[in-house]
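# Examination of the molecular architecture
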Amino acid sequence: EIKDHKYKIVWRLHWPSWMDLFNTSLEGAGVDHHTKGGSWYTAVEIFRRIFKKKEPIGVRYGWLFYKGKKFSKSLGVGVKISEILKIMPPEIIKYYLLRPDIQENKDFDPSGYKLLSIYEDYEYASQLEEKAKVEKLSRADQKKYLTYKLSGKRKWSARFVDFLLYYQIFKDWEKVGEKLNDKDGAAYLSKYIENWIKNNLHPEEYNFEISPRRPPRPEYVEKFAEKLREDMTDLDIHNLVYSTAQELGVNPQEIFRNIYISLFGKEKGPRVGRLIKAIGVKKFKEMVIS
């Protein structure tokens, strides 16, 4: 007998049967189910011809890819949500999934600048409520703001990229919170950033540990450092590299390279202006001027 649970209705019959059983009014499914002759079309016919009623509203959504490959349990392509939750807060995951058109395919890649760009977009969207009070939002910003509202309120006030930068410099979340004037944000994001780093998914430019050393051309760094002032902005410091390079008659990239080497032994790193402001002008001078 059917009540013995020895039988199973085939998929194309099972799906509309469950929709009817649970009084479903709206049903989402991948775009493949909505292709001509697909299982959604079978479900519609079953509702109309057998159940003699109107079918639920059908919503199509795109496929989810992982680093360019379609999620597939059978092929072992993808990552468990429990693992994603270790490196991304729930609101960022929701924002990522809701941000594009629901019918678009989404290529999930939590590495490098791809994840940083999602945080930056989310942080921008979080500021649109104040912007909307004084000016009319564009359609793109309206969508971003609505997506933000659906995703969940932002739990940190400083920029995510600054938490990453300051943690790499100080390795102390309490100090990071103090420096950025956002202790709650530091406490909230700490586990996500640590796990992101532990899995080596953060951008290579932010993969460093301050350990001062003598660069190939220390005179470039010292000449630059001598002109630094405490009241300089990030942009002022960045532009100082170019003016110093012009004065010395060298390529600015040579000064950037020597600054990075002098701080942590690599030829690339975060933006110099932001990096030196985070370290502190006085502390930076102590590190590089012999």
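Rules of the game
Residues numbered from 1 in each chain as written. Predicted model: local features only at pLDDT ≥ 70, side-chain atom pairs only at ≥ 80, totals over all residues. Heavy atoms only, no water. Axes fitted to C-alpha atoms, helices over the stretch in contact; angles between N-to-C directions. Helix = DSSP H or I, 4+ residues; strand = E, 2+ residues; numbered from the N terminus. Parallel < 35°, antiparallel > 145°, perpendicular 65-115°, else oblique. Left-handed = near helix turned anticlockwise from the far one by under 90°. Contact = heavy atoms within 4.5 Å. Nonpolar A, V, L, I, M, F, W, Y, C, P; charged D, E, K, R; others polar. Expected span 1.5 Å × (residues − 1). Buried < 20%, exposed > 50% of the residue type's maximum accessible area, 1.4 Å probe, protein only. Polar contact = N/O pair within 3.5 Å; in protein donor to acceptor, adjacent residues only side chain to side chain. Salt bridge = Lys/Arg side-chain N within 4 Å of Asp/Glu carboxyl O.

### Points about the packing of helix α8 (residues 160-170) against helix α14 (residues 272-279)
Contact geometry for α8 and α14: axes closest at 10 Å, N-to-C directions at 55°. The pairing of α8 with α14 is recorded here as oblique in orientation. For the pair α8 and α14, the sense of crossing is right-handed. For the pair α8 and α14, contact is made by Val 161, Asp 162, Leu 165, Tyr 166, Ile 169 and Phe 170 and by Arg 274, Leu 275, Lys 277, Ala 278 and Ile 279, respectively. Of the residues contributing to the contact of α8 with α14, the split by class is eight nonpolar, no polar and three charged.

### Some points on helix α13 (residues 252-264)
Over its 13 residues, α13 extends 19 Å from the first C-alpha to the last, a length consistent with the 18 Å expected when each residue adds 1.5 Å. Counting buried residues in α13 gives 10 out of 13 residues, a clear majority hidden from the surface. Elements that come into contact with the buried residues of α13 comprise α11 (218-226), α12 (234-248), α14 and α15 (281-288). Where α13 begins, the side chain of Asn 251 points an oxygen toward the backbone nitrogen of Gln 253, at a separation of 2.9 Å. Phi for Gly 265, located one or two positions after α13, is positive at around 75°.

### A short note on the pattern of salt bridges
All told, the structure shown has 20 salt bridges when counted by the stated rule. For Glu 204, the salt bridge is made with Lys 266, and the minimal N-O distance between the two is 2.9 Å. With a gap of 62 residues between them, Glu 204 in the loop between α10 (183-198) and α11 and Lys 266 in the loop between α13 and α14 connect regions that are remote in the sequence. Among the charged side chains, a salt-bridge network with shared partners connects Arg 48, Lys 54 and Glu 55.

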